[in-house]
Amino acid sequence: MDLGLSGKVALVTGGSRGIGLAVARALATEGARVALLARDPDTLAAAAAGLRGAIGVSADAADPEAIRVAVARVEDELGPVEILVTAAATPNSSTGFGEDELLAQVDVKVAGALRCVRAVAPGMASRGWGRIICISGLAARQTGSVVGSVRNVAVAAMVKNLADELGPQGVNVTCVHPGMTITEKTPALMNRLAERQRVTPDEIEARFGERVAIGRMATAGEVADVITFLASPRSVAINGDTIAAGGGARGSIHY
């Protein structure tokens, strides 16, 4: 199936690692012209160098002016942004009720995504076509972390509002909920958890797999495949919805 992405300009925030980088790779493989946005210039440069024709733009999603300047640079070098994928987020390890942690997380993941949308959506609407995919997380559907749940639910709510507003102008906005996903950080995480629980890393990974219908954690590349379809013209029938991409959480029914 030709996804119709060849030549389209895509901006991926949080694109220097993890799911964001996997999405950038998948889009580039489909022929899109990709810009990566992240905070760390060195990591960003290395990531962009590994993708043919990609550029890296260093900016903090929490800084409105930096986002405006970054988007202007992308459009100057590659052309108008037609696809936006927001994957920028700060790691969340909080299980408490810290107000400062919550506000910091929301500022990057929710408000940061909205800043990026505001920078590219008017152009998409004026041209009559665009795709915006905001990466959230399955913490939106479970307890255990107030910060994790609130920030992810907020992303989904924002997406639905944006979809209703922008859909009639040819811009589809969707949300993707990854679960526990295998990225370059996974081995270190499994080792830390194994040390705490005095078991092997393989046992820890197996426990996570038991919670998933496919019997294992999804990889960043597998999540990226879902997002790449949503970024394509083929996804026109999906707008405002949240797509779970965690391999199937056992025991839950969402309708």
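A brief look at the structure comes next. This structure is a prediction, so every number in the text was calculated from the model and none was measured. (Residues numbered from 1 in each chain as written. Predicted model: local features only at pLDDT ≥ 70, side-chain atom pairs only at ≥ 80, totals over all residues. Heavy atoms only, no water.)

With respect to the packing of aromatic side chains
How two aromatic rings sit relative to each other is set out by the distance from centre to centre and by the angle between their planes.
Next, step 1: This model, assessed by the stated rule, comprises 0 aromatic pairs.
Next, step 2: A cation sits over an aromatic face here: Lys8 above Trp129, 4.2 Å from the ring centre. (Phe/Tyr/Trp six-rings, centres within 6.5 Å; stacked < 30°, edge-to-face > 60°. Lys NZ or Arg CZ within 6 Å of the ring centre and 35° of its normal.)

Topic: helix α9 (residues 220–230)
Next, step 1: Buried within α9 we find Ala220, Val223, Ala224, Ile227, Thr228 and Leu230. End-on view of α9: buried residues confined to an arc of 150 degrees, all on one side of the axis. (Buried < 20%, exposed > 50% of the residue type's maximum accessible area, 1.4 Å probe, protein only. Helix = DSSP H or I, 4+ residues; strand = E, 2+ residues; numbered from the N terminus. Arc of directions from axis to C-beta.)

Things to note about a positive patch on the surface
Next, step 1: On the surface, Arg17, Arg39, Lys185, Arg192 and Arg196 cluster together into a positively charged patch.
Next, step 2: Counting through the fold element by element, Arg196 comes out in helix α7 (residues 186–197).
Next, step 3: For Arg196, a relative accessible area of 65% translates into the label exposed. (Patch = residues over 30% accessible without salt bridge, like charges linked within 9 Å, V, L, I, M, F, W, Y side chains within 5 Å. Areas by Shrake-Rupley, 256 points an atom, 1.4 Å probe, with all protein chains shown as cover. Salt bridge = Lys/Arg side-chain N within 4 Å of Asp/Glu carboxyl O. Lys, Arg positive; Asp, Glu negative; His and termini not counted. Charge placed at Lys NZ, Arg CZ, Asp CG, Glu CD.)

A look at the packing of helix α4 (residues 99–109) against helix α6 (residues 146–166)
Next, step 1: Relative orientation of the contacting elements α4 and α6 amounts to 30 degrees, with a least axis distance of 10 Å. Between α4 and α6, the angle falls in the class roughly parallel. For α4 against α6, the interelement crossing comes out right-handed. Residues Glu101, Leu102, Gln105, Val106 and Lys109 of α4 form the contact with α6, whose participating residues are Val147, Val150, Arg151, Asn152 and Val155.
Next, step 2: Partitioned by chemical class, the residues of the contact of α4 with α6 number 5 nonpolar, 2 polar and 3 charged. (Axes fitted to C-alpha atoms, helices over the stretch in contact; angles between N-to-C directions. Parallel < 35°, antiparallel > 145°, perpendicular 65-115°, else oblique. Left-handed = near helix turned anticlockwise from the far one by under 90°. Contact = heavy atoms within 4.5 Å. Nonpolar A, V, L, I, M, F, W, Y, C, P; charged D, E, K, R; others polar.)

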